[in-house]
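Spelled out, the chains give:
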Amino acid sequence: MPTPNPPAASQSLKSQAQTGDVRAIETLLAQSFGDSHLRFEVARRGTTLYVFLTVLGEGHPADHASAVYAVVADLALQGLDRLEVIDGTNRPQVDRWRQPFYLPETWTDSPPLPHGPSIETERQSPQLPEFLQPTKAIPTPAPIPADTALVAPPPPPALGERAADLVQSLARSKRIKSSLGLAALIALGLGLGAAVAQWRYGQSDSLAPLSSEVSAQEEAPGSAPPDGFSFDSPAPDTNFQASPPGADPVAAPEPGIYIDGIGEPEAERSEESVAAEANPAPPQITPIFDPRRLAALNTNALQAPTTLTINAVGDVIPGTNYQTYRLPQDWQYLFGGIQYQLQQADIVFGNFESTLTEVRSSPKATGRPNVFAFRTPPWYASVLKVAGFNVMSVANNHSFDFGEQGFIDTLANLEQEGIKAVGRKGEIVYTEAKGLKLAFIGFSHLSQHNTVHDLDAAAALVQEAEQNADIVVVSFHAGKEGSDATATRDQTEYFFSENRGNVVRFSRTVVDHGADLVLGHGPHVPRALELHNGKLIAYSLGNFLGYRTLSTAGHLGTSLILTANLDGSGNFLNGRIVPVALDRNGVPYLDDHFKGVTLVRSLTRRDFPDTPLTIDDDGYIWRNP
């Protein structure tokens, strides 16, 4: 086992974990096992703690479930009465193993658990670090039979070293042996899957309504969704959650600094959008277990010897130093809470909506209302590189905030760090991954870039790219902005009377002419997904990072990492929505309430009810047969 942290820091981590901080629990589990082949993701919903365990290489999560239970149980987490250890790999929910355990509030005067399969371990004598030593006796965890209700565990014997023995034996690759066969474990997971299908992304009294567009009938009487803000006083974020550990010490936003993503004026909203909010389409519920869908997914996987994984996010602004200084004290704060999840791909894409330049002044009339210019120090290109980005679009309405020179500087600084910059007019950017040649083309609603308004020129560029690459990825920055901009319609969109394009017509056109993946951004909120001719279209990925520059009110603070797995011909195989939220400073962290998944799934059902995609309760996306 690796050398633990210094005692003071480690004790602090344990104390932090005991408050229910899921990031601290993740770190504690990783330190406890000390095995680089194990990956932990922790989430909390109500009184249940979920540990998603991915085993890299040989092995199965069932081998480690009891040791996970021992570590978690020792923390005596307040307000939690259930633990579920779940297979964290990328496969449909119906095919994922899970094991529930009961977490009692106290270890005394509890009715016994029914006898489950015995668990034998090759017991060793090594001790855990002092900061992980159990503070009270821990019972031997026992898996719960599928036909037995959860009850509290028995009063424990003197097993203070049980957690240490389990973790240490696993660290030495001494596998837990269970009399329950692997086939029975899988059957147990499938049997429990349907019963707990709503646990993660279903609606809960603890969650705010999705939005006025998605679930207007669920709004409380007299309440109204966050709908933009005034420039004099930012609207309060009613869904605000405390910043994750290590957050920047800036405690609250300053008046007047939240600038992009404002709500569209009520006078400009169409009758159709108002009607859609008042009468949202009912969701189409699909069965959790559909053997045909699972068989189709497995067939796709068998036919795809090369699978390319792309992680894509929306708008990224690391801060600005123009007119007012709004940069973090510690640059690692910007991506520290999300960096691991972001990097798990062959290609990591984002829309860089600032400039990397030292040009002194902007040609924009920033003294006028609603006119803003962003300038980020050039060395922040290395921050983006460390975060994991290797392709970024600069085709957006802020790329020329400091004129032509600022645009050229931004491209040069990104490319100096090895990040492919996409956005020059008439240009196709090529890169390679997994032995495949990829082409990227960036579009916006402006004439300075390849524009979404010129479909003939867009089709010609895509056709050229298709002839020279295995996979063609198109990104666009278009569509109206604001917390009420979640709807996707096959019609021209306007924002402050500016034509922002018909994003549905544009996206389908480029797919019809050879694009394999279309990534949208610009509305500052997530939008629906669509599968068109076997190719995935994401109509908006929302805000991803807007340090003290982007509003986080309502769904402006709801975000995601979109994972798309493509075969060697660019066909969509499956994917995942990793739910993300922005803290009050506009910095991303993993969202334990999974609002990004709930929102995108609901929008997809409403706006594209016939698209052959299913988004399951864990955020995994796969094609319908």
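Residues numbered from 1 in each chain as written. Predicted model: local features only at pLDDT ≥ 70, side-chain atom pairs only at ≥ 80, totals over all residues. Heavy atoms only, no water.

*Asks:* So what about the packing of aromatic side chains? Which residues, and what values?
*Replies:* In total, this model carries twelve aromatic pairs according to the counting rule given. Measuring from ring centre to ring centre gives 5.2 Å for Phe33 and Phe40, while their planes differ by 45 degrees; the resulting arrangement is tilted. Each of the two residues, Phe33 as well as Phe40, counts as buried. Seen in terms of ring centroids, Tyr539 and Phe608 are 5.2 Å apart; in terms of plane orientation they differ by 10 degrees. Their pairing is stacked. Here Tyr539, found in the loop between strand S19 (535–538) and strand S20 (543–546), pairs with Phe608, found in the loop between helix H13 (595–607) and strand S24 (613–615); they are 69 residues apart in sequence, far enough to count as distant. Here a set of aromatic residues connected by ring pairs shows up, and it is made of Phe443, Phe476 and Phe506. Above the face of the Tyr430 ring, Lys437 is positioned so that its terminal group lies 4.7 Å from the ring centre. (Phe/Tyr/Trp six-rings, centres within 6.5 Å; stacked < 30°, edge-to-face > 60°. Buried < 20%, exposed > 50% of the residue type's maximum accessible area, 1.4 Å probe, protein only. Helix = DSSP H or I, 4+ residues; strand = E, 2+ residues; numbered from the N terminus. Lys NZ or Arg CZ within 6 Å of the ring centre and 35° of its normal.)

*Asks:* Describe the nonpolar core, with residues and values.
*Replies:* Grouped together as the largest cluster of nonpolar side chains are 33 residues, with contacts concentrated most on Val316, Phe335, Leu384, Phe389 and Phe544. At the level of elements, strand S7 (308–317), strand S8 (347–352), helix H9 (380–387), helix H10 (403–416), S20 and strand S22 (572–582) are the ones that each hand at least two residues to this core. It is H9 that contributes the most residues to this core, five residues altogether. In terms of nonpolar packing, the next biggest core, distinct from the first, is built from 32 residues, Phe349, Ile471, Val473 and Leu613 among them. (Core = buried A, V, L, I, M, F, W, Y, C linked by side-chain atoms within 4.5 Å.)

*Asks:* Please set out the confidence of the model for the protein residue by residue, giving values where relevant.
*Replies:* Taken over all residues, the pLDDT of the protein has a mean of 75, while the share at 70 or more is 65%. Below pLDDT 50 for its whole length, residues 106–162 participates in 125 contacts with residues either more than four positions away or in separate chains. Confidence over residues 249–304 falls short of pLDDT 50; this stretch has 116 contacts with residues more than four positions distant or in other chains. (pLDDT = per-residue confidence, 0-100. Contact = heavy atoms within 4.5 Å.)

*Asks:* Pulling in residues and values, what's your account of the sheet that holds strand S3 (residues 82–87)?
*Replies:* Across the sheet, four strands lie side by side as S1-S2-S3-S4; this open sheet has mixed pairing. Either end of the sheet is taken by a strand with one partner, and the two such strands are strand S1 (38–45) and strand S4 (98–102). Between one strand axis and the next, the sheet turns through 20 degrees on average, direction left out of account. Two elements, S1 and strand S2 (residues 48–55), share eight bridges in a ladder whose sense is antiparallel. Its bridge partner being in S2, Ala43 is matched across the sheet by Tyr50. (Pairing = 2+ DSSP bridges. Axes fitted to C-alpha atoms, helices over the stretch in contact; angles between N-to-C directions.)

*Asks:* Explain unusual backbone geometry residue by residue, including any values.
*Replies:* We note that Gln323 has phi near 70 degrees; this positive angle belongs to a residue other than glycine. Here Gln323 shows up in the loop between S7 and helix H8 (339–343). Of note, Asn370 is a non-glycine position whose phi angle comes to about 65 degrees, a positive value. By secondary structure assignment, the location of Asn370 is in the loop between S8 and H9.

*Asks:* Quick one: what's the story with the pairing of strand S11 (residues 429–433), residue by residue and with numbers?
*Replies:* Alternating residues of S11 divide into Val429, Thr431 and Ala433, all buried, and Tyr430 and Glu432, none buried. Bridge count for S11 against strand S12 (residues 436–444) is five bridges, and the pairing is antiparallel. Within the sheet, the bridge partner assigned to Glu432 lies in S12 and is Lys437. Taken together, S11 and the strand that follows it, S12, pair antiparallel across an intervening segment of two residues, in which Lys434 is found at a positive phi of about 55 degrees.

*Asks:* Mind laying out the packing of helix H11 (residues 455–468) against helix H12 (residues 503–512), listing which residues take part and the relevant values?
*Replies:* One way to put it is that H11 packs onto H12 with a least axis distance of 9 Å and a crossing angle of 30 degrees. Where H11 crosses over H12, the two elements pack in a sense that is right-handed. Here Leu455, Ala458 and Val462 of H11 come into contact with H12, specifically with Arg505, Phe506, Thr509 and Val510. For the contact of H11 with H12, the residue count by class is five nonpolar, one polar and one charged. (Left-handed = near helix turned anticlockwise from the far one by under 90°. Nonpolar A, V, L, I, M, F, W, Y, C, P; charged D, E, K, R; others polar.)

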